[in-house]
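Geometric and topological summary
Listed here are the chains, written in short residue letters.
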Amino acid sequence: MSNSTFNTQDTIVALATSPGAQGAIAVIRVSGPDAITLVNSVFKGKDLTRQKSHTIHFGTIRDGEEIIDEVLVSLFVAPHSYTKENSVEISTHNSKYIIERILSLLIRQGARSARPGEFTLRAFLNGSMDLSQAEAVADLIASNSAASHQVAMQQMRGGFSNQLKKLREDLVHFASLIELELDFSEEDVEFANRDQLKALIMQIHAVVLKLIQSFEQGNVLKNGVPVVIAGKPNVGKSTLLNALLNEERAIVSDIAGTTRDTIEDEINIKGITFRFIDTAGIRETEDIIEAKGVERTLEKMKQARLIIYLFDPTQDDIDAVQKQIEEIRTLNIPFVTIINKSDLLTEEARQPYAALQPLYISAKEQQGIEELKDELLKQVNLANINTDDVVVTNIRHVEALQRTSEALEKVLYGIDNPVTSDFLAMDIRQALHHLGEITGTVTTDDLLDNIFSKFCIGK
Ligand code: GDP
């Protein structure tokens with residue numbers, strides 16, 4: 001990342017709405033010290049430099065005498081804006097031509113094209129939000145279910161940050177007491193009560209561990225539950241997938257094993273996303289292409305958090321079914337046992353399977369699909385998902401928390417063993433460092449580059 005990215009003296013401009021999208025209106029965002037004067041120089045209407053913050057003005061954007069568009073201009077005077085800089089949002093008619101004309105006009109007046117995520121980067125650099133909140137902005141925009149929306153919203157509003165801030169403050173307090181001891185090292189004094197320190201570190205460690213554990217759940221809320229539909233060829237996996245997705249996505253075929261490629265798709269059940277991974281079956285086979293499919297299926301199954309195990313009693317007897325269930329059990333992943341083609345089954349035919357307590361469905365006739373959806377929800381154990389709790393959804397955060405946890409364990413070891421104060425202080429500082437990486441108290445250019453380059457332009 002070049003240094004100029006961190007130059008907040010430039011005035012930057014970008015289209016904030018989706019480029020190429022249909023719709024009546026587009027919004028162009030301008031931010032930086034000269035944002036208001038710059039827009040004012042091409043705006044005919046009120047003198048924008050004399051207007052209050054948070055006001056909207058109608059007028060025209062002109063290139064010389066030529067009117068490019070009639071627009072609405074929203075004014076945000078520093079520091080009362082997203083970026084904490086002077087900012088202007090120009091609502092124009094959504095024409096590619098108009099947008100390009102206005103962007104190039106503003107650039108001619110001295111603005112520069114914003115880099116990806118640069119508005120949010122500035123919001124972070126100017127202290128309007130911490131790093132984890134800035135990351136949540138991207139998550140919020142990407143959210144596609146009630147659950148992912150809720151966790152991103154909570155993170156953006158600072159739920160996670162506040163929890164970390166409290167932990168840091170407690171640690172800073174003890175770190176400074178211990179560092180004080182270093183100044184008096186000749187005199188063998190202890191300012192930091194070791195019992196209190198130990199209690200505190202254990203308490204913080206417990207919170208950190210809980211946050212780390214929340215990641216599995218957070219990941220599910222954010223990215224969806226990976227589900228594999230498993231079963232032999234022709235049991236109706238593709239048909240079921242179609243029934244669930246309610247559209248013809250997978251190739252349904254009467255020929256055994258034709259669904260060779262794994263197909264991923266998503267459905268949303270009561271706010272939770274389930275990502276389906278259709279499979280080529282779990283049978284043993286000599287066929288080379290098919291064997292690859294089987295290998296991949298096993299790989300996929302290991303990635304699943306939930307398996308829908310489908311079988312067809314018109315193909316397999318109870319012994320064969322039980323054998324497959326044993327195989328699935330070895331994976332140690334929750335699974336639901338589904339008997340498909342219930343439309344073909346008499347009461348009598350169902351008898352042998354009673355002990356398995358399967359769910360009967362007909363993928364073809366779309367029977368039992370709602371019950372299956374309920375069962376899927378039950379399996380992800382919604383009762384344990386409380387989105388009011390802080391949940392970690394970001395791999396970068398969980399890694400920093402793991403490093404924090406390791407440092408805290410060293411501190412705990414240090415308290416119980418004859419370790420000198422300077423080492424203890426160092427380990428506490430280390431824990432603080434890793435906590436700071438999450439909120440951005442500690443950052444590097446590379447880290448910021450890595451995070452913000454994944455944003456779109458205009459965010
Ligand atoms: P896959 O190989 O497991 O993906 O199985 P398919 O979805 O391709 O289905 C194999 C055959 O079973 C197709 O002819 C489907 O129409 C049929 N089939 C699937 N589900 C049902 C069902 O619920 N009832 C009946 N009668 N046939 C079904």
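Residues numbered from 1 in each chain as written. Predicted model: local features only at pLDDT ≥ 70, side-chain atom pairs only at ≥ 80, totals over all residues. Heavy atoms only, no water.

Within an unreviewed UniProt entry, the label attached to the chain reads tRNA modification GTPase MnmE, and the organism entered is Sphingobacterium thermophilum. Taken verbatim from the UniProt record of the chain, the Sequence similarities (unreviewed entry) comment is "Belongs to the TRAFAC class TrmE-Era-EngA-EngB-Septin-like GTPase superfamily. TrmE GTPase family." One UniProt comment on the chain, placed under Subcellular location (unreviewed entry), says "Cytoplasm". (UniProt positions renumbered as here; feature names shortened; annotations may be inferred.)

What follows covers the nonpolar core. In this structure, F160, L164, L171, L197, I201, L401 and I428 are the most contacted members of the largest nonpolar core, which totals 32 residues. Of all the secondary structure elements, the ones that give two or more residues to this core are α6 (159-183), α7 (194-223), α13 (395-416) and α14 (421-439). The residues touching L401, leaving out its near neighbours within four places in the chain, are F160, L164, V208, L211, I212, V392, L435 and I438. Membership of the second largest hydrophobic core comes to 31 residues, among which are V225, F276, I369 and L376. (Core = buried A, V, L, I, M, F, W, Y, C linked by side-chain atoms within 4.5 Å. Buried < 20%, exposed > 50% of the residue type's maximum accessible area, 1.4 Å probe, protein only. Helix = DSSP H or I, 4+ residues; strand = E, 2+ residues; numbered from the N terminus. Contact = heavy atoms within 4.5 Å.)

Quick look at the side chain of K459 now. Topologically, K459 is positioned in the segment after α15 (445-452). Not counting chain neighbours up to four residues away, the residues in contact with K459 comprise R29, G117, E118, F119, T120 and I141.

Turning our eyes to something else, we now look at the pairing of strand β8 (residues 225-230). When you tally the buried positions in β8, you get six out of six residues, the bulk of the element. Burial along β8 is two-sided: the residues V225, V227 and I229 and P226, V228 and A230 are all buried. In this sheet, strand β11 (residues 306-311) lies alongside β8 in parallel orientation, the contact comprising four bridges. By the bridge assignment, A230 is partnered in β11 with Y309. (Pairing = 2+ DSSP bridges.)

Before going further, it helps to spend a moment on the packing of aromatic side chains. In this description, a pair of aromatic rings is defined by centroid distance and the angle of the planes. Here the structure, examined in full by the defined rule, presents three aromatic pairs. Look at Y309 and F311: their rings are 5.6 Å apart centre to centre, the planes differ by 35°, and that puts the pair in the tilted class. One aromatic cluster is present, built from ring pairs that chain together Y309, F311 and Y353. Its guanidinium or amino end placed over the ring of F119, R29 lies 5.0 Å from that ring's centre, counting from NZ or CZ. In this arrangement the basic side chain of R350 is found over the ring face of Y360, its NZ or CZ atom lying 4.5 Å from the centre. (Phe/Tyr/Trp six-rings, centres within 6.5 Å; stacked < 30°, edge-to-face > 60°. Lys NZ or Arg CZ within 6 Å of the ring centre and 35° of its normal.)

Every buried residue of α15 is listed here: L448, I451 and F452. All buried residues of α15 fall inside an arc of 85° around its axis, so they share one side. (Arc of directions from axis to C-beta.)

Backbone geometry follows two general trends: most residues other than glycine have a negative phi, and most peptide bonds adopt the trans configuration. With an omega of 0°, the peptide bond between A78 and P79 qualifies as cis. With respect to the helices, strands and loops of the structure, P79 is situated in the loop between β5 (66-76) and β6 (87-93). The phi angle at K341 is positive, at roughly 65°, despite the residue not being glycine. Secondary-structure assignment places K341 in the loop between β12 (335-339) and α11 (347-350). At Q357, a residue that is not glycine, the phi angle is positive and equals roughly 45°. For Q357, the location among the structural elements is in the loop between α11 and β13 (359-360).

Spatially, the seven strands line up as an open sheet ordered β3-β4-β5-β6-β2-β1-β7, and their pairing is mixed. Strands with a single pairing partner mark the edges of an open sheet, and in this sheet they are β3 (43-44) and β7 (112-113). Pairing analysis gives five bridges linking β5 to β6, with the strands arranged antiparallel. By the bridge assignment, L72 is partnered in β6 with S91. Strands β1 (12-15), β2 (25-31) and β7 of the sheet are contacted by helix α3 (residues 118-125), whose axis makes an angle of about 135° with β1. (Axes fitted to C-alpha atoms, helices over the stretch in contact; angles between N-to-C directions.)

So, on to the environment of S453. Following the sequence through the fold, S453 ends up in the segment after α15. Exposure remark for S453: the relative accessible area of 42% places this residue in the partly exposed category. Between the C-alpha atoms of S453 and P116, which are 337 residues apart in sequence, the distance is 5.4 Å. Sequence-distant contacts of S453, defined by excluding residues within four places in its chain, comprise P116 and L448. Within the structure, the side chain of S453 is placed 2.7 Å from the backbone oxygen of D449, a separation counted as a polar contact. (Polar contact = N/O pair within 3.5 Å; in protein donor to acceptor, adjacent residues only side chain to side chain.)

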